[in-house]
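Each chain, letter by letter, is given below.
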Amino acid sequence: QVQLVESGGGLVQAGGSLRLSCAASGSIFSLNAMAWYRQAPGKQRELVAYITSGGETNYADSAKGRFTISTDNNKNTVYLQMNSLQPEDTAVYYCNKGIRVAAAFVPSAYWGQGTQVTVSS
């Protein structure tokens with residue numbers, strides 16, 4: 001069983017920054033990566049970035065150069081540093097603990113409750 005709790009969302013002006021956190025507890029040995037997703041109103045949930053237990057990272061094109069995913073030393077918390085935020089980044093951001101297969105992140109059924117990020121123009 002895995003529990004995930006996100007925090008750090010809020011309201012920010014365009015060009016600003018936010019740092020999201022996701023605290024994970026419990027473990028399933030086979031889950032070797034963590035990811036951030038986001039879901040904007042009326043849109044499907046999309047992958048933003050993921051990081052493997054070995055520290056490899058991968059970003060959606062929309063996040064490259066602006067967002068950075070990282071973990072703490074114990075790998076129990078995953079962060080998403082978001083810079084140069086734009087109104088189109090407005091969404092509920094979720095973390096997920098899953099697995100990486102080849103170059104893809106495969107989410108598990110374990111999701112956090114989400115944290116709202118709103119970027120005003």
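Note that the structure is a prediction, hence the values are computed from the model and not measured.

Colleague: Help me understand the nonpolar core in this model?
Modeller: Looking at soluble globular proteins, one finds that nonpolar side chains tend to be buried together. Counting 27 residues, the largest nonpolar core has Trp36, Val48, Phe67, Ile69, Leu80, Met82 and Tyr93 as the members making the most contacts within it. Taken together, the elements giving at least two residues each to this core come down to β3 (18–25), β4 (33–39), β5 (46–52), β7 (67–71), β8 (77–82), β9 (91–101) and β11 (115–120). Looking at this core, the element that brings in the most residues is β3, giving four residues. If we ignore the near neighbours within four places in the chain, the residues touching Ile69 are Met34, Ala35, Trp36, Ala49, Tyr50, Ile51, Thr57, Tyr59, Val78, Tyr79 and Leu80. Counting five residues, the second-largest nonpolar core is a separate cluster that includes Ala35, Tyr37, Tyr50 and Phe105.

Colleague: Can you walk me through the sheet that holds β3 in this structure?
Modeller: Sheets are built from strands that pair by backbone hydrogen bonding, the pairs being arranged parallel or antiparallel. Spatially, four strands are ordered β1-β3-β8-β7 in an open sheet, and the strand pairing comes out antiparallel. Either end of the sheet is taken by a strand with one partner, and the two such strands are β1 (3–7) and β7. Between one strand axis and the next, the sheet turns by 15 degrees as a mean value, whatever way the strands run. Sheet analysis places β1 next to β3, joined by five bridges and oriented antiparallel. What sits directly across from Gln3, in β3, is Ser25.

Colleague: Would you explain the side chain of Thr115 in this entry?
Modeller: On the secondary structure map, Thr115 appears in strand β11. We classify Thr115 as buried; its relative accessible area is 9%. A polar side-chain atom of Thr115 sits 3.0 Å from the main-chain amide nitrogen of Gly9. Residues within four places of Thr115 in sequence aside, it is in contact with Glu6, Ser7, Gly8, Gly9, Leu20, Ala91, Val92 and Tyr93.

Conventions and cut-offs
- Residues numbered from 1 in each chain as written.
- Predicted model: local features only at pLDDT ≥ 70, side-chain atom pairs only at ≥ 80, totals over all residues.
- Heavy atoms only, no water.
- Core = buried A, V, L, I, M, F, W, Y, C linked by side-chain atoms within 4.5 Å.
- Buried < 20%, exposed > 50% of the residue type's maximum accessible area, 1.4 Å probe, protein only.
- Helix = DSSP H or I, 4+ residues; strand = E, 2+ residues; numbered from the N terminus.
- Contact = heavy atoms within 4.5 Å.
- Pairing = 2+ DSSP bridges.
- Axes fitted to C-alpha atoms, helices over the stretch in contact; angles between N-to-C directions.
- Polar contact = N/O pair within 3.5 Å; in protein donor to acceptor, adjacent residues only side chain to side chain.

What is shown is where atoms sit, not what they do.
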